[in-house]
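Breakdown of the fold
As a plain string of letters, each chain reads:
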Amino acid sequence: MADDPDHDGIDDPKEYRWETGYERTWESIKEDEDGMIDAAIAELIQKAKRKRQHDKTAQNRLGMMRHVFLIVDCTENMNTSDLKPSRLFCTVKLLEMFIQEFFDQNPISQMGIIALKGKRAEKLTELTGTSKKHIQVVQELTKLNPSGEPSLQNGLDMALKALKVLPTHASREILVIMGSLTTCDPVDINATVESLKTEGIRTSIISLSAEIRICRYITSETNGNFGAVLDDSHFKDQLMAHIDPPQAAQTQENSLIKMGFPHPRAEEGKGPILSMCMCHIDNKDDPSKLSSAGFHCPQCLSKYCELPVECLSCGLTLVSAPHLARSYHHLFPVKQFREVLFNGQSDKCYACQKVFTAEADKHVYFCEMCEQFYCCDCDLFVHDTMHTCVGCNTLPGVQKRIALKVSGGQGGFGI
Amino acid sequence: MTSKSGSILLMKPSNIDCKDLQSYLKTRPPELLEKIYHYPTICLAVYRELPEISRQFVIRILFVEQPVPQAVVASWGSQIFAKEQAIATSCLTELNVWRVAAIPGGLPAWELSSTFSKNLKIALLGGGRPWSMSTFMDGPKPKEVSFLDTYAMSRWRCVLHYMVGAGSNSKIRENEGISPDAVRILLHANLMRRDERDGTPSITRQGFQFLLLNSQAQVWHFMLQYLDTCEERGLNLPECLSMLFQLSFSTLGKDYSSEGMSSGMLTFLQHLREFGLVYQRKRKEGRFYPTRLSLNITNKNAIVPSVGNDDDKVEENGYIVVETNFRVYAYTDSNLQVALLGLFTELLYRFPNLIVGVLTRDSVRQALKGGITAEQIVSYLQQYAHPNMINTESAVKTRSSLPPTVVDQIKLWENERNRFVYTEGVVYNQFLSQADFITLRDYALSINVLVWQSERNRTMVVTKNGHDDVKKFWKRYSKNGG
Amino acid sequence: MESNEADISLLVVILDTNPSQKIIRKNAHAMTQCIDAVVAFGNTHLMQKSQNKLAVIACHHSVTEFLYPTAGKLEVRQVDGQYEIFTLVEKTVKHRLAELINSAPRIVQPCESLLAGSISMALAYIARVNRNKSVGMRLSSRILIVTGSNECASQYMTYMNVFFTAQKQGVTIDVCALDKSLSLLQQGTDITGGQYLKLPQLDGVLQYLLWVFLPDHQTRDKLVLPPASKVDYRAACFCHRELIDIGYVCSVCLSIFCKITPICGTCQTVFKNSAPIREKKKRTIK
């Protein structure tokens, strides 16, 4: 994958698959005594899972606040059925998943979508922080009949125009999904690339067909990633790699952002006040209803149905504390467990209580902080899903020890 | 004008009637219910079979020692689900779990049957006497679960084999015979029928339908039939039921004692042993082991956990693969399973561990003619679907492991046979004028009772229920000299 | 999702057995009362359907351990009319708890209960049961926390991580607060769609448990349960740990401050402008 240092940069010697060494994949599969290969395959899968995990390293400076424009190619080449059932359908399906996951993991980020239709770029959604509208728009793409040629430049220009005006404390990104091998541009695209570079907008491109020089060039100029997909699962991996926040760019300015934390306004003894919400005030299909539920902006007291949102009247960003907390795990990842050969160190997995057996568990995983042993599944669960080590949080004293070890200036976290 | 009432005998094919515990108990007299609620096991079993909302209601008033106003109980449920709540309430009444009581102030109230609540509490919290088969024994002697499974299935298959084989090639299976008692139950249950000429039993259409059920349902149906006849054998019905549920709530692989059982119960135990519901090494041995067949006897979805197996990996018994091209592959060497598949598939090849067949219109129609319904064929294929079929992505999503095309086609083949819809009705014909006919027809149409009409023949058919109205209208109409 | 008879419902009860809880220090019988109630409640859950499953975790001051199920099997015979499996649950829980209390180091000073960690252990267990279920089965799981402790701010991050994990895995978290009201755990119930109940008094605890927490997720829609109160989602600033309405968030690490500072106390980032950037563009309402 593109995170891999070996694959970054244009003049990397092992850039193409056919230039890399001959992989004798069959040799790594060994039969066991019964002539079965299940165990060997399971081990390979396990290794692959762990490798992915290892690629994530602790970074303390991330661009947590992201403004991303998604540019989707909707031209003739998206009809090709090398991805099943067609490139466009496959893209839409994966994007639905991507958008959901993106807002799940990047709660205070915003996204907008641009479609490339027959040499023109069309902005489908403005930058907003809720997934609902994006998903709806993306689903409607399937009704389209893709035709013509795309213009990469028009798309990038449109995104650039929208991102340029945004404050620089946010990480500004563009992600292009390109089906076509060509682009039909009005003027020299290098000018656009140059301004992307000066603005510090990270541009990443996923190509569904093959590697294209100009795409590779744009991404390397702007610090983005380039990827050409092999099949749908590879496509998914490539896409999902963009979910984790990128490292904060050097040019990015850091600042404090003023935010509001709305809370239910109920006075003692009185019922909550009835009011109308601001988010549906212009909406004619679904007009705003008079109700007591909702969140009030602490600055101007306008009401909104859901968070996070930017206050329409005073411009304050409104969030709830758990929204922020959702992304803390990017900043404080769980330390990797050490893989050790199993020789009866512990009779069961500390987390899930699975009893270790010599046949099923060749390796067990050891957390150096709490000094407990875990099974492979829990290792993955802890690092991929929960982001919390079970032992470190159930044994008293371990937290204090960790705090001492990493007290290199970090303050405490919590309320 | 004349009208003729058509008394067409509506031939409904008599299908196998599988009752669950609830409908079985609902048909019993209340005195019997009161009597069986003296057994904590039965209370437990009855409780589990109640609808979800009823269970919540029972739990809420279980520890309330006085009647609870009906209005209060009604307020517990959400209004949106009022219908479901009504079902739950009536179910509790019908099963005699609670009854109407009056509280001071004249409000109607619900009160749990004191026997039921007392014994349910015993089952839940303890107290009372131990269950009859749990007498203390020196030293536990657990048995291998796999051993018990093989034993149980081989015994049960004997019964099934007997049903399939008895008619045609009974000579071969002489040694696999079952006791005359079991045969009597099969005959009583209408699963088999004695031949009019030579008196040998042969399988009925209900019998075939019975074979297509899963073994859990088979055992339950069979035991219900057994219980029907148990009074004749001089056994006490409540005692038998309680014994059956004790087995149903026991732990697989654990030994239980028959010490202190009445002679009736010992006989019952021997019968259960014959069908494979319990394993006993020798007739006289005081130790016996319940098998998988007797566990969770009323619940066809239950998975049966076993001793020492924490992870509940239930061994898969699915062996059938159905493809979208209507081919059926069955990984089996059992003659019984082959025979069952042969009921509705055309068998193509047979290998030592695999048979290949194809579902064709003819083969399915053959089965439908034999009284098997499409639903039963589908559920049989579904229930024995190979694990690989269940694991496919589409199967997980739709909860059905069969290709939808095949399911639809089987149902269409069944519908082909149901092109006639029988409606009881009355024919009106020989009208004197077209105007008379049209007036009467329009009237029938307006009150929604017209089944069929033909203007040319001046003939119409109205439903039986509508006959009175139409007749009255006609009398009024003709009196007015229309 | 429609509920299906074949669904397995797994209930994990986390019982806070930390002796520094106020209700236990005040009244030694409170502990016994709670354990009895939790066992009876667990057994009632098992009574609902034969495929229901139960696990009980004790969160003690020194360690978190599974009380039921355990790896070693206890051989039980019926002593009275109680259903064998219920007896097994009761015996195992009490036996294991006695072991746990006897082996635990003496408590020197009151300490917090590490409930967030216990939830993470419960989630790991649920994930394992989910992996091992047989094909075609569906598992719906929930966690019930019974505690009289105070919640501790130092576990905030762990709490949030486990709540979001639970939400993602479709696990409902229910909380029964015996003593103090717990705002953090209440947030957890709100995030995962569970029930939060603060007991008015300890007497009749079983009845409360049965009323509010016994119905599973689908059944709860059909019953009238206590309405959820509004949850306070305000953030607390990192500098003074006070709840704030309007705060300043570091764009790099999302730390929250109540006042403008030149350097982020968490990630040491130096902020460029001393004045905070206000979103400049102001949209007008059409």
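Residues numbered from 1 in each chain as written. Chains lettered and ligands numbered in written order. Predicted model: local features only at pLDDT ≥ 70, side-chain atom pairs only at ≥ 80, totals over all residues. Heavy atoms only, no water.

As for the overall build of chain C
Where we set the bar: Secondary structure counts use DSSP, requiring at least four H or I residues in a row for a helix and at least two E residues in a row for a strand, with both numbered from the N terminus. The buried label goes to any residue with under 20% of its type's maximum accessible area, the exposed label to any with over 50%, and the partly exposed label to all in between, with areas taken from a 1.4 Å probe on protein chains only. Between two residues, a contact is recorded if the distance between any of their heavy atoms is within 4.5 Å. Here the open area of atoms and residues is found with the Shrake-Rupley method and a 1.4 Å probe, where only the protein chains shown may cover a residue.
A tally of helices and strands in chain C yields eight helices and ten strands. Evaluated residue by residue, chain C yields a buried proportion of 61% over its 286 residues. Sequence separation of 24 or more characterises 64% of the internal contacts of chain C that already satisfy a separation of 6 or more. On chain C, roughly 11400 Å² of surface is accessible, and the fraction owed to carbon and sulfur atoms is 54%.

Comments concerning a positive patch on the surface
Residue and element names in this part refer to chain B. Heads up, the condition is: For patches, a residue must show more than 30% relative accessible area and have no salt bridge; joins then use 9 Å for like charges and 5 Å for nonpolar side chains, namely Val, Leu, Ile, Met, Phe, Trp and Tyr. Put simply, a salt bridge is a Lys or Arg side-chain nitrogen that is within 4 Å of an Asp or Glu carboxyl oxygen. We count Lys and Arg on the positive side and Asp and Glu on the negative side, and we leave His and both chain ends out. Note on charges: their place is set at NZ of Lys, CZ of Arg, CG of Asp or CD of Glu.
A contiguous patch of positive charge on the surface is contributed by K471, K472, K475, R476 and K479. Inspection of the secondary structure assignment puts K471 in helix α21 (residues 467-479). Residue classification places K471 among the partly exposed residues on the basis of a relative accessible area of 35%.

Regarding the domain arrangement of chain B
Residue and element names in this part refer to chain B. Threshold: Those domain boundaries reflect an automatic or database domain assignment. As a working definition, buried area equals the accessible area (1.4 Å probe) given up by two parts on being put together, with both sides summed. What qualifies as a polar contact is a pair of N or O atoms within 3.5 Å, subject to a donor-acceptor requirement within protein and to the restriction that residues adjacent in sequence count only when both atoms come from side chains.
Partitioning chain B into domains gives domain 1 (21-125), domain 2 (145-290), domain 3 (320-417) and domain 4 (423-479). For domain 2 versus domain 3, the distance between C-alpha centres works out to 28 Å. The interface is formed by twelve residues belonging to domain 2 together with 14 residues belonging to domain 3. Surface buried jointly by domain 2 and domain 3 totals about 1200 Å² across both partners, of which 66% is contributed by carbon and sulfur atoms. Looking only at domain 2, the three residues that lose the most surface to domain 3 are F208, Q209 and L212, adding up to 47% of its buried area. Our enumeration of links across domain 2 and domain 3 arrives at zero salt bridges. Viewed at the interface, domain 3 and domain 2 are joined by zero residue pairs in polar contact (both at pLDDT 80 or more).

Focus: the sheet that holds strand β14 (residues 372-374) of chain A
Working definition: the strands of a sheet are paired by backbone hydrogen bonds and lie parallel or antiparallel to each other. All names here are of chain A. Definition in use: Two strands pair under a simple rule: DSSP has to find at least two bridges between them. Axis geometry follows a simple rule: fit a line to the C-alpha atoms, using only the stretch in contact for helices, then measure angles between N-to-C directions, giving values from 0 to 180 degrees.
Strand order across the open sheet formed by three strands is β12-β13-β14, with antiparallel pairing between neighbours. Edge positions in the sheet fall to β12 (338-341) and β14, since each of these pairs with one other strand and no more. This sheet shows a mean twist of 40 degrees between the axes of neighbouring strands, independent of strand direction.

Thoughts on the nonpolar core
Applied cut-off: Throughout this description, the term nonpolar core refers to a set of buried Ala, Val, Leu, Ile, Met, Phe, Trp, Tyr and Cys residues connected via side-chain atoms within 4.5 Å.
Core analysis: the largest hydrophobic core is formed by 267 residues, its most contacted members being Y374(A) and I119(C). Once residues lying within four places of it in the same chain are set aside, the contact partners of Y374(A) are F337(A), C349(A), Y350(A), A351(A), F356(A), V364(A), Y365(A), C367(A), C389(A), V390(A) and G391(A). M78(A), A115(A), L141(A) and L208(A) belong to the second largest nonpolar core, which has 29 residues in total.

Some points on the interface of chain C and chain A
By a frequent convention, interface size equals the accessible area lost on bringing the separate parts together. Stated formally: Classification used: nonpolar for Ala, Val, Leu, Ile, Met, Phe, Trp, Tyr, Cys and Pro, charged for Asp, Glu, Lys and Arg, polar for all others including Gly.
Opposite the 72 residues of chain C that make contact, chain A presents 73 residues. Taken over both partners, the interface formed by chain C and chain A buries close to 6700 Å², and the fraction arising from carbon and sulfur atoms is 63%. On the surface where chain C and chain A come into contact, there are two salt bridges. Here R131(C) and D377(A) are joined by a salt bridge, their closest N and O atoms 3.3 Å apart. The interface formed by chain C and chain A contains ten residue pairs in polar contact (both at pLDDT 80 or more). Secondary-structure elements contributing two or more residues to the side of chain C that touches chain A are β3 (64-68), α4 (115-132), α5 (156-169), α6 (183-192), β7 (235-236), β9 (246-250) and β10 (256-257) of chain C. For the side of chain C that touches chain A, the element with the highest residue contribution is α5(C), accounting for eleven residues. The class makeup of the residues in the side of chain C that touches chain A is 37 nonpolar, 20 polar and 15 charged. For strand β7 (residues 256-260) of chain A and β9(C), the ladder comprises five bridges, and the chain directions are antiparallel.

Comments concerning the sheet that holds β3(C)
Residues and elements named next belong to chain C. Ordered by their spatial adjacency, six strands build an open sheet running β3-β2-β1-β4-β5-β6, and the pairing between neighbours is mixed. On the outer flanks of this sheet lie β3 and β6 (196-198), each paired with one strand and no other. Looking at each pair of strands side by side, their axes are set apart by 20 degrees on average, direction ignored. Examined bridge by bridge, strand β2 (residues 53-59) and β3 share four bridges and lie antiparallel to one another. Note that in β3 the partner of V56 across the bridge is Y68. Docked against the sheet, helix α7 (residues 205-213) engages β4 (139-147), β5 (172-177) and β6, running at close to 155 degrees with respect to β5.

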